[in-house]
Amino acid sequence: SGRLRVLDGRVSVGAGGGAGASPFGGDANEIGLPLVGDSSATTGTAALLVASGTVSRGLTVNTGSNQVVVLGGYGAGISRFNSVGTDIRLGRDVTLQASNSGTVEFASTWQDSTGGTSPAVNFTIGSLGNAGEVVFAASVPASIQSVKVVAGTLAINSGNRMDPGTPMTLGSAFSNGT
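Let us look at the structure shown here. (Residues numbered from 1 in each chain as written. Predicted model: local features only at pLDDT ≥ 70, side-chain atom pairs only at ≥ 80, totals over all residues. Heavy atoms only, no water.)

Here's the deal with the side chain of Gln67
Tracing the backbone shows Gln67 in the loop between β6 (59–61) and β7 (68–73). In this view, Gln67 contacts Leu7, Asp8, Gly37, Asp38, Ala41, Thr42, Thr43, Gly44, Thr45, Ala46 and Arg92; residues no more than four positions away in its chain are not counted. (Helix = DSSP H or I, 4+ residues; strand = E, 2+ residues; numbered from the N terminus. Contact = heavy atoms within 4.5 Å.)

What follows is the structure, encoded as structure tokens:
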């Protein structure tokens, strides 16, 4: 099929094209959603990074494996994964990051891998060399198991929330998170 699959390595895209545009096309059904992560990989990283611009498109983080999955922005400026009615389906833990001089905003609805509203995963914010600002511009479901800010800054936009029962850790051996 014409589905984008980021199974290993990094895909960096320059989003753009105006309102409702996406570098991945507009197929809204599940089979056409971009897929990030390999369900059978035991090592490595699969990353989908967006330059300053907006991806107005849902996507799926594949289930299983020990592979690290990263969603985020690169370069200076603001990168966005957002649009009303788009979902990010989470089949495993995910790292959300922005480059040191950038911001990435997540305004899509967080779902589990089947499209349900209760993803039971962990978020890691930032990574070594990627200590920009990650913004939750939509509420974070109470089912999120933990949020660990290892580098950079986590911001939660006004009117949105993270469940007060969700464990949060700030900082790591290589950086201070805020």
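A short note on the pattern of salt bridges
Under the counting rule described, the total for this entry stands at 1 salt bridge. The closest approach of N and O atoms between Glu105 and Arg80, which form a salt bridge, is 3.3 Å. Separated by 25 residues along the polypeptide, Glu105 in strand β11 (residues 102–106) and Arg80 in strand β8 (residues 77–81) bring together distant segments of the chain. You can call Arg80 partly exposed: its relative accessible area is 27%. (Salt bridge = Lys/Arg side-chain N within 4 Å of Asp/Glu carboxyl O. Buried < 20%, exposed > 50% of the residue type's maximum accessible area, 1.4 Å probe, protein only.)

Describing the side chain of Gln97
Secondary-structure assignment places Gln97 in strand β10 (residues 94–98). Given the relative accessible area of 7%, Gln97 is considered buried. Residue contacts for Gln97: discarding those within four places in its chain leaves Leu49, Val70, Leu71, Gly72, Gly73, Val104, Gly126, Ser127, Asn130 and Val134.

Here we look at the sheet that holds strand β17 (residues 168–170)
One open sheet accounts for 7 strands, arranged β2-β4-β7-β10-β13-β15-β17; its pairing is parallel. Only two strands of the sheet have a single neighbouring strand rather than two, namely β2 (9–13) and β17. For this sheet, the mean inter-axis angle between neighbouring strands, taken without regard to orientation, is 15 degrees. Here β2 pairs with strand β4 (residues 45–50) via 5 bridges, running parallel. Looking at β4, one finds that Arg10 is bridged to Ala47. (Pairing = 2+ DSSP bridges. Axes fitted to C-alpha atoms, helices over the stretch in contact; angles between N-to-C directions.)

What about the pairing of β4?
Burial within β4 is extensive, with 5 of its 6 residues counted as buried. When β4 meets β7, the two strands line up parallel, connected through 6 bridges. Paired with Leu48 across the two strands is Leu71, which belongs to β7.

Focus: the sheet that holds strand β14 (residues 133–136)
Taken together, the 5 strands give an open sheet; going across it, the order is β5-β8-β11-β14-β16, and neighbouring strands pair in parallel fashion. What marks the edges here is a single partner per strand, and that holds for β5 (53–55) and β16 (153–156). The mean inter-strand angle of the sheet, taken between neighbouring strand axes irrespective of direction, is 15 degrees. As paired strands, β8 and β11 are joined by 5 bridges and run parallel to one another. Paired with Ser79 across the two strands is Val104, which belongs to β11.

Topic: the packing of aromatic side chains
All told, the structure shown has 5 aromatic pairs when counted by the stated rule. Between Phe81 and Phe106, the ring centres sit 5.1 Å apart and the planes meet at 10 degrees, which makes this aromatic pair stacked. Here Phe81, found in strand β8, pairs with Phe106, found in strand β11; they are 25 residues apart in sequence, far enough to count as distant. When sorted by exposure, Phe81 lands in the same class as Phe106, which is buried. (Phe/Tyr/Trp six-rings, centres within 6.5 Å; stacked < 30°, edge-to-face > 60°.)

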